[in-house]
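# Reading the structure
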Amino acid sequence: MKKLLLTLVGAMFCMVLRAQTAAQEIRQNVLCTASNYMAYPGPIQQVLTPAPQGMKPFYISHYGRHGSRFHSKPSMYNEPYLTLARADSLGKLSDLGREVMLRLDIIRKDAENRWGELTPLGVQQQKDIARRMMERFPEVFEGHTDIDARSTGVGRCILSMEYALMEMLQHNPDLNVHHNATHRDMDYLNLQDKKLMALKFNKPAKEWYDRYVSQTAHHTHLMRELFADTLYANKHVNMVDLSVQLFLIAAIMQNTELGQHITLYDLFDYDESYRIWKIGNARWYIGWGAADVNGAVQPYAQRNLLRRLIEDADKVLSQPNTKVELRFGHETVLLPLICLLDINGYGFTTNDLEQLEPNGWINYRIFPMSCNLQLVFYRRSPKDRADDVLFKVLLNENEATLPLPTNQAPYYRWGDFRRYYLDKLERYEKGGRP
């Protein structure tokens, strides 16, 4: 009975997770509006669904984003500061405007020459994810298990990989660890498909997005608060740009130590925060999701990664030993991969951006800092046929769904996965609409 109850809890978990709307979540926690800058919240699901009787985990296939970081460009800190400093030199700022300018100066100096770097919080996130992986699936990490870790060449990704491996070795020094960061892996760890990139914001997509922004944006309240001279602000300040710049700094601060002492979120009321988040959510969907306006093809930018996941798994399935394969990269890879797999319905296609939230396409649930995808494989014996191997998907360490039939949710047959997605890739490569 206990096992049945746990299974039912696991099967219903995704429905419970998606029951609350973004508007409700943002009202309760404004940090959600940070989208891809949201600090990793850790798993919501504490108890995982037990495996079918006799099945034991033997292989984990992982792709994870680097941990929390600073903004990657100095302009993201400097431009809003310089806008306010210019206005202040002319006596155009309000008292609050001058205070915000001083806060920005402290923030940009704290970030100087640390652009894009992993923060201490990002380090801890990677350690915690690695530790929980070992705690949840101890059978995979016993003895001299092979750990094959690969990273893109970006420093924060390499460090994320190294801190995760250090944590694993602390718990089991006998692990057989291989790690690398080479350009040879970039064709699947971070493929840049120029053809698809050109389609992201083609003319129809850009017009669609710009129309949505004009209908959604609302920045006049903030400008009245920051500037004593609204005529100056209207004539010389791009209110949309300044609001978004300030908001992006507010968003990133939760990832830094300074963020414990300074905030910019107090500048935005709930409506402003929610509207800016909606605009960002729409932009991520158009550029990396299965948006109808640009052909619903952007997720196929990660077709090489999906093929590699399948190929790597096939090799491990024919071997008797346990293994873990860790890959470290970026949210701009993981998001389209998740949409390509249609995990939790994120492969959703629409031409109505107001349908994103009702259908659960909510970006901060997908790719906060340190977001990760884990495929955990189970078998009774190394002699099991590939079709008898089961696996489950963990998105950000929570059990997730796939568009595949199963009578053992959240577990799926590897053979079903392999056939379904190889067929999907073949249809795309032959030029058919997905």
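Note that the structure is a prediction, hence the values are computed from the model and not measured.

### Brief notes about unusual backbone geometry
- In this structure, the amide linkage connecting A409 to the following residue, P410, adopts the cis form with an omega of 5°.
- Mapping P410 onto the fold places it in the loop between β7 (398-400) and β8 (412-413).
- A positive phi is found at N113, a non-glycine position, where the angle reads about 60°.
- One can find N113 in the loop between α4 (95-111) and α5 (120-136).
- What makes N113 exposed here is its relative accessible area of 57%.
- Its identity as a non-glycine residue notwithstanding, E397 has a phi of 75°, on the positive side.

### Description of the packing of aromatic side chains
- Inspection of every chain in the model, using the stated rule, returns 21 aromatic pairs.
- On the basis of an interplanar angle of 85° and a centroid distance of 5.0 Å, the ring pair of F247 and F268 is categorised as edge-to-face. Here F268 lies in the loop between α12 (239-252) and α13 (270-288) and F247 lies in helix α12, a separation of 21 residues in the sequence. Like F247, the residue F268 is buried in the burial classification.
- Seen in terms of ring centroids, W284 and W288 are 4.6 Å apart; in terms of plane orientation they differ by 40°. Their pairing is tilted. Taken as a pair, W284 and W288 lie in helix α13 at a separation of four residues, close to a single helical turn. Residue W284 shares its accessibility class with W288, and that shared class is buried.
- Counting every residue linked through ring pairs, the aromatic cluster contains Y59, F377, F391, Y412, W414, F417, Y420 and Y421.
- In this arrangement the basic side chain of R379 is found over the ring face of F58, its NZ or CZ atom lying 3.7 Å from the centre.

Reading the values: the criteria
Residues numbered from 1 in each chain as written. Predicted model: local features only at pLDDT ≥ 70, side-chain atom pairs only at ≥ 80, totals over all residues. Heavy atoms only, no water. Helix = DSSP H or I, 4+ residues; strand = E, 2+ residues; numbered from the N terminus. Buried < 20%, exposed > 50% of the residue type's maximum accessible area, 1.4 Å probe, protein only. Phe/Tyr/Trp six-rings, centres within 6.5 Å; stacked < 30°, edge-to-face > 60°. Lys NZ or Arg CZ within 6 Å of the ring centre and 35° of its normal.

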